[in-house]
Amino acid sequence: MKYFLGIIGGGPAGYTAAAMASKAGKDVVLFEQNALGGTCLNVGCIPTKTLLYSAKQYFNATHADKYGVTASDVTFDYAKMVQRKTKVVRKLVAGIKMKLNNEHCTVINAPASVASYSPELITLTAQRSCSDSGLTGEADLYEVSNLLICTGSHNFVPPIPGIADNPHIWDSTSALAATQLPESIAIVGGGVIGMEFATLYHELGVPVTVIEAMPTILPNLDQDIVKVLRDKYIKSGITILENTKVERIEGQEIYLSGTAGLTGTISANRILVSVGRRANIEGLEALTDLEYNRGAIVVDDFMKTNLDKVYAAGDVTGKIMLAHVASRQAEVAVGRMLKTIPVQRIAYNAIPSVVYTNPEIACVGLSEAQTAELYLGDTSKFTVKSIPMTFSGRFVAENEGEMGLVKMIIDNKSQSIIGVHMIGNPCSEFVAAASFAIRMGYTVPEFEQVVFPHPTVSEVLKEIL
Ligand code: NAD
């Protein structure tokens, strides 16, 4: 049997593509070597958010007095939190399995690789699996007309001496698997993963040190927003060492060198290394002419690679490593393959991103620095508005002692909104309104006509205009 579409990888890109193409009546085979759902569902977004929610419950209970609530003897059981996380993940994986089953998509639970390529026929090979004993070692061959590569990414291990074979080193996957909290943790890399784990451990009472090589944590975000988080975290007891490099690690000892940070040694029971991720490109060797850029697959605006009938979506394209980008890329790729659906290019200027710190950060579009760069420093071409989140009554009611911040960047010529950056709970829940405005090219007068429910924190998007 020749399948219309073969998909390697069952994460947000892979399962979205599989469901969409199957729903359109096409024969689809999807290969996943681990559980369906990929990094996001199994060892990324969902497990971290589940644990962060447990940590927030504990943290809020222990800080409830500011709301007139006294909770004494509040304790937690980390192993139970981890158990719940596993349950949540299993439930969602089962949901994806059921969805693909309902759409009659063939799912092969085995690692696949490309066996041969021509624009007329692509063959894939996967080890045969038997339900009880796993893989048998024998390989099956699958013929497909189109190929979608959604193999995702893996944690990058930097070439720091002392990381390999060090039992104190964690990556995000081992941190999520641990059923016991570390006595103390040093986090190498103050990016998104680093700051989310810093939040988790800090809220559960673990001493946390963040080591960031760049002049600032979360270097890709609007720095006014980052400042609010940094100030709060430092005040609450997290040690943040910016401009600081790790020279080597020996057991629990971390040797640092820094221009503005500490130079010397710090010690931590666990060392979480979160310095970025790299595309998974194993198993694609038969695609000899496939084009890569810095280890990621190059795709056009419709997710097609330089090879006919070969598409890629998600982290493996190295574009923006976010689950919601991966799903959208998959929709665009399948839309292009099917040809029957009008396909729009992905609006990368309107992709929201969230950092699940406490308070949360949510952003979409250009930051002030990026806009200034775009306009070559001509500040007459754009307007930056900013207000504290306390302009929202609901925010004041529910965030005792917090300020929060909202920034909006407006293009002066078109009057359109080109960037929105926020810190304050629960901004992740309404950043989509800003994404929508940017995606649709709303001008300020148009956005002013939108009615926001009162009292909600989302009203800050209107207050700021
Ligand atoms: P990242 O690129 O966000 O951050 C890595 C950080 O490590 C950077 O700040 C970088 O300057 C720093 N760094 C690099 N080398 C270093 C070194 N030797 N010493 C100290 N610091 C060093 O990468 P990440 O946090 O690993 O996340 C990986 C990907 O996963 C990102 O694309 C991220 O957006 C995505 N992700 C998203 C979410 C979310 O949407 N909430 C959550 C987790 C991860």
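Described in the following lines is the structure provided in the data block. (Residues numbered from 1 in each chain as written. Predicted model: local features only at pLDDT ≥ 70, side-chain atom pairs only at ≥ 80, totals over all residues. Heavy atoms only, no water.)

Considerations on the overall build of the protein
Scanning the protein from N- to C-terminus turns up 13 helices and 24 strands. Since a compact globule built from 465 residues should have a radius of gyration of about 23 Å, the 24 Å found for the protein is in line with a globular shape. When the backbone C-alpha atoms are referred to their principal axes, the protein occupies close to 65 × 55 × 45 Å. The contacts in the protein between residues at least 6 apart in sequence include a share of 61% that link residues at least 24 apart. Counting only carbon and sulfur atoms, one obtains 52% of the accessible surface of the protein, whose full area is about 21900 Å². (Helix = DSSP H or I, 4+ residues; strand = E, 2+ residues; numbered from the N terminus. Rg over C-alpha atoms; globule rule 2.2 N^0.38 Å. Contact = heavy atoms within 4.5 Å. Areas by Shrake-Rupley, 256 points an atom, 1.4 Å probe, with all protein chains shown as cover.)

Things to note about the packing of aromatic side chains
All told, the structure shown has nine aromatic pairs when counted by the stated rule. Seen from their ring centres, Tyr58 and Phe76 are 4.7 Å apart, and the 70° between their planes marks the pair as edge-to-face. Here Tyr58, found in helix H3 (residues 45–62), pairs with Phe76, found in the loop between H3 and helix H4 (78–102); they are 18 residues apart in sequence, far enough to count as distant. Where Phe447 meets Phe452, the ring centres are 5.8 Å apart and the plane angle is 75°; that geometry is what we call edge-to-face. A relative accessible area of 13% means that Phe452 is categorised as buried. An aromatic cluster of at least three residues, connected via ring pairs, comprises Phe436, Tyr442, Phe447 and Phe452. Positioned over the ring face of Phe4 is Lys26, at 4.8 Å from the centre of the ring. (Phe/Tyr/Trp six-rings, centres within 6.5 Å; stacked < 30°, edge-to-face > 60°. Buried < 20%, exposed > 50% of the residue type's maximum accessible area, 1.4 Å probe, protein only. Lys NZ or Arg CZ within 6 Å of the ring centre and 35° of its normal.)

Structural notes on a positive patch on the surface
Together, Lys2, Lys309, Arg336 and Lys339 make up a positively charged patch on the protein surface. Checked against the element boundaries, Lys309 lands in the loop between strand S18 (296–297) and strand S19 (310–312). (Patch = residues over 30% accessible without salt bridge, like charges linked within 9 Å, V, L, I, M, F, W, Y side chains within 5 Å. Salt bridge = Lys/Arg side-chain N within 4 Å of Asp/Glu carboxyl O. Lys, Arg positive; Asp, Glu negative; His and termini not counted. Charge placed at Lys NZ, Arg CZ, Asp CG, Glu CD.)

Details of the side chain of Glu212
Within the secondary structure, Glu212 sits in the loop between strand S10 (208–211) and helix H7 (223–235). The charged side chain of Glu212 is buried without a salt bridge, its nearest counter-charge being Lys245 at 9.2 Å. For Glu212, the side chain forms a polar contact with the main-chain nitrogen of Met214, separated by 2.9 Å. Excluding anything up to four places from it in sequence, Glu212 contacts Gly189, Gly190, Gly191, Ile217, Pro219, Leu241, Glu242, Asn243 and Thr244. (Polar contact = N/O pair within 3.5 Å; in protein donor to acceptor, adjacent residues only side chain to side chain.)

What to know about the site of the ligand
Around the ligand lies a shell of 20 residues, among which Ile193, Glu196, Glu212, Gly276 and Val354 are the nearest. Here Ala213 contributes a backbone N or O atom positioned 3.2 Å from a nitrogen atom of the ligand. In this structure, an oxygen atom belonging to the ligand sits 2.9 Å away from a main-chain N or O atom of Gly276. Out of a free accessible area of 850 Å², the ligand has 76% covered by protein chains. (Near = heavy atom within 4 Å.)

Overview of the sheet that holds S10
Strand order across the open sheet formed by five strands is S8-S15-S9-S10-S11, with parallel pairing between neighbours. Each edge of the open sheet is held by one strand with a lone partner, namely strand S8 (169–170) and strand S11 (239–241). Across four bridges, the pairing between strand S9 (residues 185–188) and S10 is parallel. Bridged to Val188 within S10 is Ile211. Sheet contacts for helix H6 (residues 192–203): S8, S9, S10, S11 and strand S15 (270–273); angle to S10, the most-contacted strand, approximately 170°. (Pairing = 2+ DSSP bridges. Axes fitted to C-alpha atoms, helices over the stretch in contact; angles between N-to-C directions.)

Looking at unusual backbone geometry
Of the consecutive residues Asn358 and Pro359, the connecting peptide bond is found in the cis state with omega at 10°. Among the structural elements, Pro359 can be located in the loop between strand S20 (352–355) and strand S21 (361–365). Here the residue pair Asn425 and Pro426 is connected by a cis peptide bond, since its omega of -5° sits within 30 degrees of zero. The residue Pro426 is located in the loop between strand S24 (417–423) and helix H11 (431–439) in this model.

So, the packing of helix H1 (residues 12–23) against H4
It is the contact of H1 with H4, at a shortest axis distance of 9 Å, that shows an interaxial angle of 25°. As judged from the angle between their axes, H1 and H4 are roughly parallel. Crossing angle aside, the handedness with which H1 passes H4 is left-handed. In contact with Tyr15, Ala18 and Ala19 of H1, H4 contributes Ile96, Lys99 and Leu100. Its residues placed into classes, the contact of H1 with H4 shows five nonpolar, no polar and one charged. (Parallel < 35°, antiparallel > 145°, perpendicular 65-115°, else oblique. Left-handed = near helix turned anticlockwise from the far one by under 90°. Nonpolar A, V, L, I, M, F, W, Y, C, P; charged D, E, K, R; others polar.)

Some details on the pattern of salt bridges
Enumeration according to the criterion identifies 11 salt bridges in this entry. Of the charged contacts, one joins Lys407 and Asp224 as a salt bridge, the two residues approaching to 2.6 Å between their closest N and O atoms. Note that Lys407 is positioned in strand S23 (residues 405–411) and Asp224 in helix H7, a separation of 183 residues in sequence. The exposure class of Lys407 is buried, given its relative accessible area of 2%. Close ionic contact of Arg345 with Asp301 constitutes a salt bridge, the shortest N to O distance being 2.5 Å. Highlighted residues: Arg345 in the loop between helix H8 (323–338) and S20 and Asp301 in the loop between S18 and S19, separated in sequence by 44 residues. Note on Asp301: relative accessible area 43%, which makes it partly exposed.

Notes on the side chain of Glu360
Within the secondary structure, Glu360 sits in the loop between S20 and S21. Dropping the residues within four chain positions of it, Glu360 is found in contact with Lys56, Val355, Met422, Ile423, Gly424, Asn425, Pro426, Cys427 and Ser428.

What to know about the nonpolar core
Leu5, Ile7, Leu124, Leu147, Leu148, Ile149 and Leu287 are the most contacted members of the largest nonpolar core, which totals 59 residues. At eight residues, the largest contribution of residues to this core is made by H8. Sequence-distant contacts of Leu148, that is, excluding residues within four places in its chain, are made with Leu5, Gly6, Ile7, Ile8, Ala17, Tyr311, Ala312, Ala313, Ala333 and Met337. Leu51, Met81, Leu176 and Ile423 belong to the second largest nonpolar core, which has 37 residues in total. (Core = buried A, V, L, I, M, F, W, Y, C linked by side-chain atoms within 4.5 Å.)

A word on the packing of H3 against H6
If you want to describe how two helices pack, look at the angle between their axes and the distance between the axes. One way to put it is that H3 packs onto H6 with a least axis distance of 9 Å and a crossing angle of 35°. Note that H3 runs across H6; the crossing there is left-handed. Only Glu196, Phe197, Thr199, Leu200 and Glu203 of H6 make contact with H3, whose side of the interface consists of Thr48, Lys49, Leu51, Leu52, Ala55, Lys56, Tyr58 and Phe59. Per-class residue counts for the contact of H3 with H6 are seven nonpolar, two polar and four charged.

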